[in-house]
Amino acid sequence: MATLNLNYDKLQAGYLFPEIAKRTRAFQAEHPDAKIMRLGIGDTTEPLTSSVIAGLHRGVDKLADVQTYTGYGAEQGNTELRQALADRYRGLGVSIEPDEVFVSDGAKPDSANIQSIFGVDNIVAVQDPAYPVYVDSNVIAGRTGQWKDGRFQGLVYMPCTADNGFIPAVPEGKVDLIYLCSPNNPTGAVATREQLKTFVDYARNVKAVIIFDSAYAAFISDPELPRSIFEIEGATECALEISSFSKEAGFTGVRLGWSVVPKALICENAEAGKVHRLWNRRQTTMFNGASNIVQEGGLAVMSEAGQRECAEMVAYYMKNARTIKDGLETLGLTVYGGVNAPYVWMQTPNGTSSWEFFDKLLNEAHVVGTPGSGFGPSGEGFFRLSAFGHAEDIEAAVSSIRENLAL
Ligand SMILES: *Cc1c(COP(=O)(O)O)cnc(C)c1O
């Protein structure tokens, strides 16, 4: 008799984007002439850059010739690409070996899969609000209880509030796995070295493991801010890092990411080397490697020309972030983020709830954003606006907000 994993029934976050789509459709049906402007989606919109396109073409052409054809590659990824990524870490003053880098089909799958190498009785801490997959993958794995009063029982929520600059304090009790995302989706906050050090110190103390998502590292312009958890001394003993080509190179649909699992990483029942070996085992067992065409594109991203072009694309999105932030500030709204991250996190005015503000913004300005409460209980009273649009659409949306939003 087959049975289902009923932990799936506990999931809540699947509600957010369908609900946004439903309310947007209903508004459009009632106002067929309204031009709806979308600042809600965390998806890139600019085309791939020329060197990256050339790299992808190269990948295709190699498959056309018996001399250069390749089938299955190493599950851990193309050697040259792993080397290029290790070199990038070296540029940050961090020593990572190429075989500590695991190329993948993206940071979301890695974020979802990484929990599977840890015990089911581990206590999990997440930033609140957070990118939903950290929570949901652990709910599915059975590391939480039921959803009750807006929270999963058994999960440790680390509140990210205006008071702490949206970077939480370390948990008060003992936890085992800690998910951190910096620059943060949805708040746009970036942890300083000192803030990350408090987490590294905590984790080393209690033998916890930090799962650090650096998918937005390329959006940091402040040279003082860390782009990798491994910039913090001692982090290779207590942290692994998950990252992606999606946002820095526009690979959201192309699919390429990587994880760094240092050999020095330890936990309660694993000496140095074992966590690394287990992730290697997980990947070689369950994954057959990222596409060889796409990895050729990834190598092009890592080339000098690719890095220059991608930096321009990032700058383009960050100019959008500035447009959003400045426009909202002119209205006297309180906004956070948007400086070293492509998300602007605004406080909803006059105590409106996140969903009330969603409806208000849609009705009055015809702009769609993302209610903060969809990312966790501490997101209530906040609203996320994304800079990943075409500049002219962002400008039109901001003008409409300035002209039509009644405050
Ligand atoms: C977009 C995003 C990613 C990227 O995921 P991919 O699967 O590589 O596209 C990872 N983490 C966060 C927080 C994100 O917002």
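None of these values were measured; they are calculated from a predicted model. (Residues numbered from 1 in each chain as written. Predicted model: local features only at pLDDT ≥ 70, side-chain atom pairs only at ≥ 80, totals over all residues. Heavy atoms only, no water.)

Student: Looking at this structure, I do not really get the side chain of Lys 10. What am I missing?
Tutor: Inspection of the secondary structure puts Lys 10 in the segment before helix H1 (16–30). Within the buried set, Lys 10 has no salt-bridge partner at all; the shortest N-O distance to an opposite charge, 9.8 Å, is to Asp 9. (Helix = DSSP H or I, 4+ residues; strand = E, 2+ residues; numbered from the N terminus. Buried < 20%, exposed > 50% of the residue type's maximum accessible area, 1.4 Å probe, protein only. Lys, Arg positive; Asp, Glu negative; His and termini not counted. Salt bridge = Lys/Arg side-chain N within 4 Å of Asp/Glu carboxyl O.)

Student: For this particular structure, what's the right way to read the sheet that holds strand S14 (residues 370–371)?
Tutor: Remark on secondary structure: sheet strands pair via backbone hydrogen bonds, oriented parallel or antiparallel. Strand order across the open sheet formed by four strands is S11-S12-S15-S14, with antiparallel pairing between neighbours. Across the chains shown, the open sheet's two edge strands, defined by having one partner strand only, are strand S11 (335–337) and S14. By the bridge criterion, five bridges tie strand S12 (residues 343–347) to strand S15 (residues 382–386) in an arrangement that is antiparallel. Across the sheet, Trp 345 pairs through a bridge with Arg 384, a residue of S15. (Pairing = 2+ DSSP bridges.)

Student: Could you clarify how one ought to interpret the site of the ligand in this entry?
Tutor: Residues in contact with the ligand amount to 15 residues; listed here are only the nearest, Tyr 216, Ser 244, Ser 246, Lys 247 and Arg 255. Asp 213 is positioned such that a nitrogen or oxygen atom in its side chain is 2.7 Å from a nitrogen atom of the ligand. Within the side chain of Arg 255, a nitrogen or oxygen atom sits 2.6 Å from an oxygen atom of the ligand. In isolation the ligand offers 390 Å² of accessible surface; the protein chains occlude 94% of this area. Contributing elements (two or more residues each) for the shell around the ligand: helix H4 (107–113) and helix H7 (246–249). Counting residues per element, the shell around the ligand draws most heavily on H4, at three residues. Of the residues that constitute the shell around the ligand, the class distribution is seven nonpolar, four polar and four charged. (Near = heavy atom within 4 Å. Polar contact = N/O pair within 3.5 Å; in protein donor to acceptor, adjacent residues only side chain to side chain. Areas by Shrake-Rupley, 256 points an atom, 1.4 Å probe, with all protein chains shown as cover. Nonpolar A, V, L, I, M, F, W, Y, C, P; charged D, E, K, R; others polar.)

Student: Got a minute to help me understand the confidence of the model for the protein chain in this structure?
Tutor: Detail in the predicted coordinates should be disregarded across regions flagged by low pLDDT. Within the protein chain, residue pLDDT values average 97, and 100% of them lie at 70 or more. Summarising per-element confidence for the protein chain, the mean pLDDT is lowest in strand S4 (residues 147–148) (94) and highest in strand S8 (residues 209–213) (99). (pLDDT = per-residue confidence, 0-100.)

Student: Would you explain unusual backbone geometry in this entry?
Tutor: Backbone geometry follows two general trends: most residues other than glycine have a negative phi, and most peptide bonds adopt the trans configuration. The linkage connecting Asp 128 with the following residue, Pro 129, adopts the cis geometry, with an omega of 5°. The residue Pro 129 is located in the loop between strand S3 (124–128) and helix H5 (132–140) in this model. Despite not being glycine, Lys 207 shows a phi value in the positive range, around 55°. Within the secondary structure layout, Lys 207 lies in the loop between helix H6 (193–206) and S8. When its relative accessible area of 39% is taken as the criterion, Lys 207 is described as partly exposed. Backbone geometry at His 366 places phi at a positive 60°, although glycine is not the residue there.

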